[in-house]
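Coordinates in review
Chain residues, written in single-letter form:
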Amino acid sequence: MRFSTKAIRVGQQSDPATGSIIVPVYQTVNFVFDDVGKPHGYEYSRSANPTRTALEQCLASLEEAKFGLAFASGMAAVDAVLSLLRPGDHVVSAEHIYGGTFRLFEKVYVPRGISFIYVDGTRPEAFAGAMRPNTKMVWIETPANPLLQLVDVRAAADTAHKRGAKLVADNTFPSPYFQRPLTQGADIVLHSTTKYISGHSDVIGGAVLTSDQAAYEAIRFHQNAAGAVPGPWDCWLSLRGLKTLSVRMRQHEANAIAIAEFLSGHAKVIETIYPGLPGHPQHKLAQSQMDGFGGMVTFRLDGGGEQVRRFVKVLKLFIFAESLGGVESLVCHPASMSHATLTAEERKKVGITDGTIRLSVGIEDVQDLIEDLDHALAAC
Ligand SMILES: *Cc1c(COP(=O)(O)O)cnc(C)c1O
């Protein structure tokens with residue numbers, strides 16, 4: 001099966017008990033035992049639940065992974081991957097990562113004896129230079145939030161593997177439709193399924209996908225032991241969203257390309273960042289390791305915070321909110337929102353100026369979206 005077929009069919013056979021075409025919401029805690037020591041199938045919904053199994057199998061197939069595990073949030077998925085580490089272990093991370101991931105590293109895992117070093121992910125040699133004998137993981141996010149820098153997945157995988165470390169890729173931004181890092185050497189892929197995978201801004205979720213059996217078993221153990229599992233309704237909503245992932249991603253991208261072109265020709269925009277623009281410093285890498293450029297567009301307004309306030313006030317269609325990947329268009333101000341937990345110094349270091357604006361381009365009519373932006377830019 002090809003991608004779009006898998007998204008609709010894998011793990012989603014008609015229900016054997018009733019013939020239901022759609023995987024039911026198995027809203028139950030427990031399952032009957034046939035005999036002493038013989039569960040009929042499932043036992044207890046923290047350990048496994050049939051609606052969750054359907055989602056896990058479907059996501060695994062889309063990432064070309066052998067195994068899939070679903071979590072209650074993207075951060076629970078990040079945390080489950082970090083459960084592979086022990087005190088004394090070291091992680092080499094790209095510096096451009098989701099703010100919540102950085103916070104988890106620094107505020108939760110550093111006090112538990114794990115150390116992290118942050119490198120410029122756009123320079124493959126930076127990873128090699130930071131590796132230590134106790135480095136167990138290389139952590140990447142590509143394209144990264146919010147400045148859309150890319151990491152060369154194959155080069156990062158080679159560096160990690162040479163030193164016996166695993167490459168972990170947060171694949172939330174491109175979704176598996178545009179990029180499948182396991183096919184390029186990554187060992188573990190994770191998602192905030194809250195974003196494109198669910199796609200309708202109505203469910204929080206996460207997932208870990210891998211073909212590494214030992215890693216799968218350890219993360220699966222943690223999933224059951226720590227219990228940050230999604231409920232059956234959340235899994236069902238994610239499965240429903242997933243069915244249209246292909247068509248949504250194609251439209252997100254078409255709209256994003258048109259908007260990136262509009263912004264890059266606008267006098268009040270000092271920089272437009274989109275991997276699909278030929279001027280993006282890693283446009284060639286994007287063409288070679290991705291199947292498309294995604295739906296996120298970042299740009300910088302001249303004049304900083306005051307202009308940003310004006311801009312978002314005037315917008316009518318773009319909604320001023322956190323998150324991304326839903327069918328509706330969103331605008332966010334990373335300096336005061338997703339990256340507010342960074343100090344001003346840390347933000348400066350990673351290039352998030354006060355005038356930086358990130359768009360999650362939705363799938364509304366693109367002409368309406370461009371008119372909205374044009375109108376708001378005129379007010380700046
Ligand atoms: C949103 C996000 C997360 C965290 O996921 P939640 O579902 O909000 O817990 C992790 N990584 C990236 C890239 C994200 O965008």
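I will try to describe carefully the structure that is included in this document. All of these numbers come straight from a predicted model, not from anything done at the bench.

1. Some remarks on the packing of aromatic side chains
Per the stated rule, a full pass over the model turns up 10 aromatic pairs. Between Y177 and F178, the ring centres sit 5.0 Å apart and the planes meet at 65°, which makes this aromatic pair edge-to-face. We note that Y177, like F178, is buried. Aromatic ring contacts, followed pair by pair, group F3, Y177 and F178 into a single cluster. Across from the ring centre of Y109, 5.1 Å away, lies the NZ or CZ of R112, which sits over that ring.

2. Re the sheet that holds strand β8 (residues 188-192)
Across the sheet, 7 strands lie side by side as β3-β9-β8-β7-β6-β4-β5; this open sheet has mixed pairing. The open sheet terminates on both sides in strands that have one partner only, identified here as β3 (67-71) and β5 (115-119). Within this sheet the neighbouring strands show an average axis-to-axis angle of 20°, counted without direction. Examined bridge by bridge, β8 and strand β9 (residues 206-210) share 5 bridges and lie antiparallel to one another. When the bridges of β9 are listed, I188 appears paired with T210.

3. A word on unusual backbone geometry
The omega torsion across T142 and P143 is -10°, close enough to zero to call that bond cis. Locating P143 in the fold gives a position in the loop between β6 (135-141) and α6 (153-162). The omega torsion of the bond from N145 to P146 falls at -5°, within 30 degrees of zero and hence cis. Looking at where P146 falls in the secondary structure, it is placed in the loop between β6 and α6.

4. A few points about the packing of helix α2 (residues 50-62) against helix α9 (residues 232-242)
Two quantities define a packed helix pair, namely the angle between the helix axes and the distance between the axes. Contact geometry of α2 with α9 gives a least axis separation of 8 Å together with a crossing angle of 35°. The two elements α2 and α9 cross, and the hand of that crossing is left-handed. Seen from α2, the contacting residues are T51, R52, A54, L55, C58, L59 and L62; seen from α9, they are P232, C235, W236, S238, L239 and L242. Here the residues of the contact of α2 with α9 are counted per class, giving 10 nonpolar, 2 polar and 1 charged.

5. Some details on the packing of helix α3 (residues 74-82) against helix α4 (residues 99-109)
Two elements in contact, α3 and α4, have axes whose closest approach is 10 Å; the angle formed by their N-to-C orientations is 45°. One element, α3, and the other, α4, form an angle in the oblique class. Relative to α4, α3 is oriented so that their crossing is right-handed. For the pair α3 and α4, contact is made by M75, V78, D79 and L82 and by G100, T101, L104, F105 and Y109, respectively. Classifying every residue of the contact of α3 with α4 gives 6 nonpolar, 2 polar and 1 charged.

6. Observations regarding the sheet that holds strand β12 (residues 319-320)
Taken in spatial order, the 5 strands make up an open sheet running β10-β11-β14-β13-β12, and their pairing is mixed. Both outer strands of the open sheet, β10 (269-273) and β12, are each paired with one neighbouring strand and no more. As paired elements, strand β11 (residues 296-301) and strand β14 (residues 356-360) share 5 bridges and run antiparallel to each other. Its bridge partner being in β14, R300 is matched across the sheet by T356. Contacting β11, β12, β13 (330-332) and β14, helix α12 (residues 305-314) crosses the sheet at an angle of about 130° to β11.

7. Examining the site of the ligand
Residues in close proximity to the ligand total 13 residues, the closest being G74, D170, S192, T194 and K195. In the environment of the ligand, an oxygen atom lies 2.9 Å from a nitrogen or oxygen atom belonging to the backbone of G74. One nitrogen or oxygen atom from the main chain of M75 is found 2.9 Å from an oxygen atom belonging to the ligand. When isolated, the ligand has an accessible area of 380 Å², and the protein chains bury 93% of it.

Rules used throughout
Residues numbered from 1 in each chain as written. Predicted model: local features only at pLDDT ≥ 70, side-chain atom pairs only at ≥ 80, totals over all residues. Heavy atoms only, no water. Phe/Tyr/Trp six-rings, centres within 6.5 Å; stacked < 30°, edge-to-face > 60°. Buried < 20%, exposed > 50% of the residue type's maximum accessible area, 1.4 Å probe, protein only. Lys NZ or Arg CZ within 6 Å of the ring centre and 35° of its normal. Pairing = 2+ DSSP bridges. Helix = DSSP H or I, 4+ residues; strand = E, 2+ residues; numbered from the N terminus. Axes fitted to C-alpha atoms, helices over the stretch in contact; angles between N-to-C directions. Left-handed = near helix turned anticlockwise from the far one by under 90°. Contact = heavy atoms within 4.5 Å. Nonpolar A, V, L, I, M, F, W, Y, C, P; charged D, E, K, R; others polar. Parallel < 35°, antiparallel > 145°, perpendicular 65-115°, else oblique. Near = heavy atom within 4 Å. Polar contact = N/O pair within 3.5 Å; in protein donor to acceptor, adjacent residues only side chain to side chain. Areas by Shrake-Rupley, 256 points an atom, 1.4 Å probe, with all protein chains shown as cover.

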